[in-house]
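# Coordinate analysis (summary)
The chain contents come next:
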Amino acid sequence: MGHVTSRRMGAWIRAEDTSAVGAVRRRAVELAGLAGFDATQTGQVAVAVSEAVSNLVKHAVEGSVMIRMNPEPPATVELIAVDAGPGMADIGRALRDGYSSSGTLGIGMGAIARIATGYDMHSLPGRGTVLAMYFTAGRKPAAPAQASGLTRPIGDEQVCGDSFAISTTGAATTIMVCDGLGHGHIAAQASQLAVELFLQAPEREPLAIVDQLHRGMGVTRGGALAVARLNGGSVTYAGLGNISGWVAHAQGRQGMVSVPGIAGHHGSRLRQHTYELPGHATVIMHSDGMSERWDPAHLPGLFARTPTVIAAGLLREAGTRRDDVCVVAARTGS
């Protein structure tokens, strides 16, 4: 049996003062309760996220954090912390207990790593650090996430007009990304309707899904959307409007083709294309709130990390504050 999930992310919290620690801790405890954690593990989650956010407040440049239910593995609480510098040259050293550094997340990382069910990090000196850690009830390791995504609203808005959804059935992973036209609540209505329509029948071919969403979104202001299905050594892709799709690896990337138009209103004849997906490659989909000028070759090590860390690293590197943004990273299960 497969499962389907969707997320319009909660707000990112800026780690600029100590109030951020309490805000993230309270949300973590709330989510741990919803995920069925016992009192002991809930307390451990509270300690780990408090330590991580405290380190951001003390050491980070432009640090921000999100606590959420992971969009793929069920009942998994995840913390994502991102900053813009100064980065770490030796992550392994930072994970040793007692190690202190002027860089981000240098204090307490050893303890954080032991408490979390799993974690992943990427850091570039002078560029910043991304930390993702997750917690599951009973500390049972979740299956490795094959896909993960993030959204961030424009400026200081609380509502993001971009959304995504992920469906897994056997070895196939299907992803939908929608950018509602404009931003704010009206844009969010369009993209959330796209999510709801996608979740009704995510097993169909990407072209058929895009066509259904295009027809169904006529009651909204519309937007851009794309659907990708990863299965074995290939990815099948269909898009309408300016969602960017890529097959990326450490050395470069290949673009995937969408047709011009506005979902729900008008568009060119829909088309579906299939691309080779080598085992080391990652599929990236993002809205136009993220610049297309990112280059895997300029982000050494990032595309060897988990989908969550890849998505967060790209958001930091190429996301703009002048628009809503959504980015999803996915790999095959093979």
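Cut-offs used in this document
- Residues numbered from 1 in each chain as written.
- Predicted model: local features only at pLDDT ≥ 70, side-chain atom pairs only at ≥ 80, totals over all residues.
- Heavy atoms only, no water.
- Phe/Tyr/Trp six-rings, centres within 6.5 Å; stacked < 30°, edge-to-face > 60°.
- Helix = DSSP H or I, 4+ residues; strand = E, 2+ residues; numbered from the N terminus.
- Buried < 20%, exposed > 50% of the residue type's maximum accessible area, 1.4 Å probe, protein only.
- Arc of directions from axis to C-beta.
- Contact = heavy atoms within 4.5 Å.
- Disulfide = S-S within 2.5 Å.

## A word on the packing of aromatic side chains
Within the structure shown, the criterion is met by two aromatic pairs. Centroid distance W246 to W294: 5.8 Å. Interplanar angle 75°. Geometry classified as edge-to-face. Here the residue W246 occupies a position in strand β12 (residues 244-249), and W294 occupies one in the loop between β17 (282-286) and α7 (307-318), the gap between them amounting to 48 residues. Across the pair, W294 and W246 agree in class, each one buried. Between W294 and F303, the ring centres sit 6.1 Å apart and the planes meet at 20°, which makes this aromatic pair stacked.

## Things to note about helix α6 (residues 206-216)
Residues of α6 that are buried: P206, I209, V210, L213 and H214. The buried residues of α6 all sit within an arc of 135° when viewed along its axis, so they share a single face. Those residues of α6 that are buried are in contact with β9 (172-180), α5 (185-200), β10 (223-231), β11 (234-240), β14 (261-262) and β15 (266-267).

## Quick word on the environment of K140
You can see K140 is positioned in the loop between β6 (128-136) and β7 (147-152). On the accessibility criterion, K140 (63% relative accessible area) is exposed. Spatially, the C-alpha atoms of K140 and G118 are 9.8 Å apart, while their sequence positions differ by 22 residues.

## Here's the deal with unusual backbone geometry
A positive phi angle, close to 55°, is found at E62, a residue other than glycine. Mapped onto the elements of the fold, E62 is located in the loop between α2 (39-59) and β3 (64-69). Classification of E62 by relative accessible area gives exposed; the value is 68%.

## Describing the state of the cysteines
Taken as a whole and assessed by the stated rule, the structure comprises zero disulfides. Between C160, a free cysteine, and C326, which holds the nearest cysteine sulfur, the sulfur-to-sulfur gap is 7.1 Å. Between C178, a cysteine without a disulfide, and C326, which holds the nearest cysteine sulfur, the sulfur-to-sulfur distance is 9.2 Å. The exposure class of C178 is buried, given its relative accessible area of 0%.

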